[in-house]
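Overview (structure and organization)
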Amino acid sequence: MDMFKVSSLSDPAFAGAVASKLYPASMLPTLGEAYFRTQNEMECPRGAVVAFFAQIATIVISIPMISIAKRTAGMSSLLEIDWLHFIEAFMFWSSIHVQCMSFRQSVRAMEKHEPLPKSTIEYSPMVIKVLILYCSAFVVGLGHYFANQSSWHKVQLFAGLGNKKTLLPGEVSFLTWIFHWSMIVDFFVLLRCMWRWGDVDCTNNCKWKVYAQLHVPACIINGVVVMNHLRRDRIVALKALHPVLVFISSVATFLGSYAIVKEKGWNVNDSKRKVRWSSILVTAEREGHIKSRDWDMKYTSESIAIGAALAFISSRFTV
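Scope of this entry: the structure provided in the associated data block. (Residues numbered from 1 in each chain as written. Predicted model: local features only at pLDDT ≥ 70, side-chain atom pairs only at ≥ 80, totals over all residues. Heavy atoms only, no water.)

**Focus on the overall build of the protein chain**
How we decide: Note on conventions: DSSP H or I runs of at least 4 residues are helices, E runs of at least 2 residues are strands, and numbering of each starts at the N terminus. When accessible area is computed with a 1.4 Å probe and restricted to protein chains, residues below 20% of their type maximum are described as buried, those above 50% as exposed, and intermediate ones as partly exposed. The contact rule is simple, with two residues in contact once any of their heavy atoms fall within 4.5 Å. To measure how exposed things are, a 1.4 Å probe is used in the Shrake-Rupley method; for residues, cover is taken only from the protein chains shown.
A count of helical and extended segments in the protein chain gives 10 helices and zero strands. Across the protein chain, helices and strands are ordered from the amino to the carboxyl terminus as α-α-α-α-α-α-α-α-α-α. Across the 319 residues of the protein chain, 51% fall into the buried class. When contacts within the protein chain are restricted to residue pairs at least 6 apart in sequence, long-range pairs at least 24 apart make up 77% of them. Accessible area of the protein chain: about 15400 Å², with a carbon and sulfur share of 66%.

Set out below in structure tokens:
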């Protein structure tokens, strides 16, 4: 029972122990959710499936990044190496933004009875876009590392571009804040689109609305991350709370995805079933296949602009 004492919440070792157990445990339901997203019964836009797997890939890539930072530079987290933190934030932003874009474009096309974007029923459009975004992140990382091999862990992102001062330990740079906030904006738009995806005009599956509601723990995670960033990663209790919320969120969204496919008659024992996306493919075929845009640059610009405005405020309130 000692591990549950309130005093333990201020102990970094306790936060590390919680993280080491719950982060790996959360991967199993996350992979289960990824599996359900690939099933025809879920009728998930294919671009959103691609981006969800990209999100999982980002988590996997972050593990060696954190390990390298700890072993070679003695850092406790990526927040102490801002350009590495930027890469992680940019990759998470990319995966959420692509999911948001895929759902948003699909919902708008279905509701307006317009031709569907290709990314609704094919993987390739968003695979290409995700690869471009992720390659951009790797180029930034390699550039910062090879240009400063002897002091790579001390280098500021793009030589401090956009910052008014030298960053304090654990402080988030202005550019990194932009993609943190833009990701949060995208996340809430994504949930709204998921809710609408369950409407009669789209999939006519009310379980999508339940699925959207089950993302509430993920919403809280965003708040926890922002609060800790504003305090330069010094609130140990929030570090302990984060893996708990991640685990709860992964289980909740797994159950939500399972509810969606069960509503459409999914059965694990029926391996020979041939289920089509009746509400989606019929529309696509009626319109002579796919014509609408997969990407809305106007929305991307608006999301980043809002992120920049919030980043400006956040950088002034960081203590």
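**Considering the nonpolar core**
This is how it is decided: Among buried residues, those of type Ala, Val, Leu, Ile, Met, Phe, Trp, Tyr and Cys that are joined through side-chain atoms within 4.5 Å constitute a nonpolar core.
In terms of nonpolar packing, the biggest core is built from 66 residues, with M42, W83, F86, F103, M194 and W208 touching the most fellow members. Sorting the residues of this core by element identifies helix 2 (46–73), helix 3 (82–111), helix 4 (124–147), helix 5 (174–197), helix 6 (207–213), helix 7 (216–230), helix 8 (236–263) and helix 10 (297–317) as the ones contributing at least two each. Other than its neighbours up to four places away in sequence, W83 contacts G141, H144, Y145, W152, V155 and L157.

**Some thoughts on helix 7**
For the record, the criterion: Multiplying 1.5 Å by the residue count of a helix minus one yields the expected span of that helix.
Taking 1.5 Å per residue, 15 residues should reach 21 Å; helix 7 reaches 22 Å between its end C-alpha atoms and fits that length. Those residues of helix 7 not exposed but buried are P217, A218, C219, I221, N222, V224, V226, N228 and H229. Along its buried surface, helix 7 packs onto helix 3, helix 5 and helix 8. R232 sits one or two positions beyond helix 7 and adopts a positive phi of about 55°.

**Some details on a nonpolar patch on the surface**
Rule in force here: Residues with no salt bridge and a relative accessible area higher than 30% make up the patches, which join like charges within 9 Å and nonpolar side chains (Val, Leu, Ile, Met, Phe, Trp, Tyr) within 5 Å. Salt bridges are defined by distance alone: a side-chain nitrogen of Lys or Arg within 4 Å of a carboxyl oxygen of Asp or Glu.
A surface patch of nonpolar side chains, about 250 Å² in accessible area, is lined by Y123, V127 and L131. Summarising the element assignment, V127 is placed in helix 4.

**Details of the pattern of salt bridges**
All told, the structure shown has eight salt bridges when counted by the stated rule. Between E43 and K264 there is a salt bridge; the shortest N-O distance is 3.8 Å. With E43 in the loop between helix 1 (12–37) and helix 2 and K264 in the loop between helix 8 and helix 9 (278–286), this pair connects stretches of sequence that are 221 residues apart. Overall, E43 belongs to the buried group, its relative accessible area being 3%. Between R196 and E111 there is a salt bridge; the shortest N-O distance is 2.6 Å. Of this pair, R196 sits in helix 5 while E111 sits in helix 3, placing them 85 residues apart in sequence.

**Some remarks on the packing of helix 7 against helix 8**
The angle between the axes and the distance between the axes are what describe a pair of packed helices. Stated formally: Interaxial angle, 0 to 180 degrees, is taken between N-to-C directions of lines fitted to C-alpha atoms, where a helix line uses only the stretch in contact. These descriptions rest on fixed angle ranges, namely under 35 degrees for roughly parallel, over 145 for roughly antiparallel, 65 to 115 for roughly perpendicular, and the rest for oblique. Here a crossing is called left-handed whenever its near helix is offset anticlockwise from the far helix by less than a right angle, and right-handed whenever the offset is clockwise. Gly is placed with the polar residues, together with every amino acid not listed as nonpolar (Ala, Val, Leu, Ile, Met, Phe, Trp, Tyr, Cys and Pro) or charged (Asp, Glu, Lys and Arg).
With their axes 9 Å apart at the nearest point, helix 7 and helix 8 run at an angle of 160° to one another. Between helix 7 and helix 8, the angle falls in the class roughly antiparallel. Here helix 7 runs over helix 8; the crossing is left-handed. Residues P217, A218, I220, I221, V224, V225, M227 and N228 of helix 7 pack against L238, K239, L241, H242, L245, V246, I248 and S249 of helix 8. Among the residues forming the contact of helix 7 with helix 8, the class breakdown is 12 nonpolar, three polar and one charged.

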